[in-house]
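Commentary on secondary and tertiary structure
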Amino acid sequence: MYVKPAAGAFIIFLVYGQIIRLPVNVCYHKITVITCISLVCMSCSVVTNVVTNPQVLFLMFVEHRGLFLRHKLQSGKRADPSLVREALKHTLISHLISVPLAIYYGFGFFRSRGMVMSLAFEDLPTFSHTVITLLWWHVLFDTWFYWGHRAHHEFPLLYRMVHKQHHRFTTPIGLAAVYAHPVEDVLVNLGSTFVGPVLFPDHLVIWLIYIALRFHETVDAHSGYDLPWSPWRYLGWMHGGAGRHDWHHSHQLGNYGGFWFWDWICGTDKHWKAWKKKQLKRG
Ligand SMILES: [Zn+2]
Ligand SMILES: [Zn+2]
């Protein structure tokens, strides 16, 4: 049911990725600024095309064919097909607008903040520096995400006007990760993703790894499956896999963070913990 529109969306994303890369690649190696723009264009486009789209399409295929049912979080439930079609259209349109805008304005901003764009070997970050930067950026990400997301639940007007759109998916699928009101996209999703790299800019390579991890994590958290090969479930108390955010969609009682930290500090995971205990008792 979803395969045809999903395949169409995938092809458009690939073609579009090539189109935005083309003019900058023509000038590649000629002008330093253009080279940098090309790198940023490629990074955004490659990450979107290589990480997110196949992951979303794979999860739609899994849902469509009824595969891995024993790993499904909300057993026997499926997302409304008309909502899935609407989310696909929304994602296509928002990508066509937001990706070029983000590249155009984001590049200059990152550059002015001092992000290192050189891929020369001596300029590449060390492994330990990369890990520490990624951890720090994720701490900042989750701090912004938790409080921004929580505000969208605790202020009824914000919820009704903005966040309700994302919560139309009570049984989330990967695509739901990018189905949000534009205000939420800017205030919560973009803000939380960019806060670390903007306040503490580092190297382009770390940015690429970070953005790939961010996309992968959010799509996985909305996948509707606790797949055994998901790296996030092995982070233990720090994350725990897709179950937590899936429960946030099905129950809307806490679990506001992408990771556990803030929910644990503020006690907004108490309903989820009580529910988990009950499930374990039931066996
Ligand atoms: Zn929410
Ligand atoms: Zn969500």
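Refer to the structure above for everything that follows.
Residues numbered from 1 in each chain as written. Chains lettered and ligands numbered in written order. Predicted model: local features only at pLDDT ≥ 70, side-chain atom pairs only at ≥ 80, totals over all residues.

Thoughts on the overall build of the chain
Selection rule: Here a helix means four or more residues in a row that DSSP labels H or I, a strand means two or more in a row labelled E, and each is numbered from the N terminus. A residue is called partly exposed when the number of other C-beta atoms within 10 Å of its own lies between 12 and 20, exposed at 12 or fewer, and buried at 20 or more, with C-beta atoms placed from the backbone. C-beta atoms are placed from the backbone for every residue, and two residues are taken to be in contact when these atoms lie within 7 Å.
Regarding its fold elements, the chain presents ten helices and zero strands. Scanning the chain from its N terminus toward the C terminus, one meets helices and strands in the order α-α-α-α-α-α-α-α-α-α. Residue burial in the chain is summarised as follows: out of 283 residues, 33% are buried. Within the chain, counting contacts between residues at least 6 apart in sequence, those at least 24 apart form 70% of the total.

Here's the deal with the nonpolar core
Let me state the cut-off plainly: Each nonpolar core consists of buried Ala, Val, Leu, Ile, Met, Phe, Trp, Tyr and Cys residues. Their C-beta atoms, within 7 Å, join them into a set.
Core analysis: the biggest nonpolar cluster contains 34 residues, and Val84, Ala87, Ile173, Leu175, Ala176 and Tyr179 have the highest contact counts within it. Sorting the residues of this core by element identifies α2 (32–65), α3 (81–113), α4 (127–154) and α7 (204–221) as the ones contributing at least two each. Dropping the residues within four chain positions of it, Ala87 is found in contact with Leu175, Ala176 and Tyr179.

Regarding α4
Helical periodicity: at 3.6 residues per turn, an α-helix aligns residues three or four positions apart in one direction. Worth spelling out the cut-off: Take the residue count of a helix, subtract one, and multiply by 1.5 Å to get its expected span.
With 28 residues, α4 should cover 40 Å at 1.5 Å per step; its first-to-last C-alpha distance of 40 Å lies within 8% of that length. Packed against the buried residues of α4 are α5 (156–161), α6 (182–199), α7 and α9 (261–266).

Section: the environment of Lys72
For Lys72, the position within the fold is in the loop between α2 and α3. Lys72 gets classed as buried once you count the C-beta atoms within 10 Å, which come to 21. Remark: the alpha-carbon pair of Lys72 and Leu227, spanning 155 residues in sequence, is separated by 8.0 Å.

Some thoughts on the packing of α4 against α6
Definition in use: Each axis is a line fitted through C-alpha atoms, and for a helix only the stretch in contact is used; angles between axes span 0 to 180 degrees, taken between their N-to-C directions. Each angle is binned into one of four classes, with values under 35 degrees roughly parallel, values over 145 roughly antiparallel, values of 65 to 115 roughly perpendicular, and all other values oblique. Helix crossings fall into two classes, left-handed where the near helix is turned counterclockwise from the far one by less than a right angle and right-handed where it is turned clockwise. Three classes are used: nonpolar for Ala, Val, Leu, Ile, Met, Phe, Trp, Tyr, Cys and Pro, charged for Asp, Glu, Lys and Arg, and polar for all others, with Gly counted as polar.
Taken N-terminus to C-terminus, the directions of α4 and α6 make an angle of 160°; their axes are 8 Å apart at the nearest point. Looking at the two axes, α4 sits roughly antiparallel to α6. Our pair here, α4 against α6, has a crossing hand that is right-handed. Taken together, the residues of α6 that come into contact with α4 (itself represented by Trp136, Trp137, Leu140, Phe141, Trp144, Phe145, Gly148, His149 and His152) are Glu184, Leu187, Val188, Gly191, Ser192, Thr193, Val195, Gly196, Pro197 and Leu199. Taken together, the residues of the contact of α4 with α6 sort by class into eleven nonpolar, seven polar and one charged.

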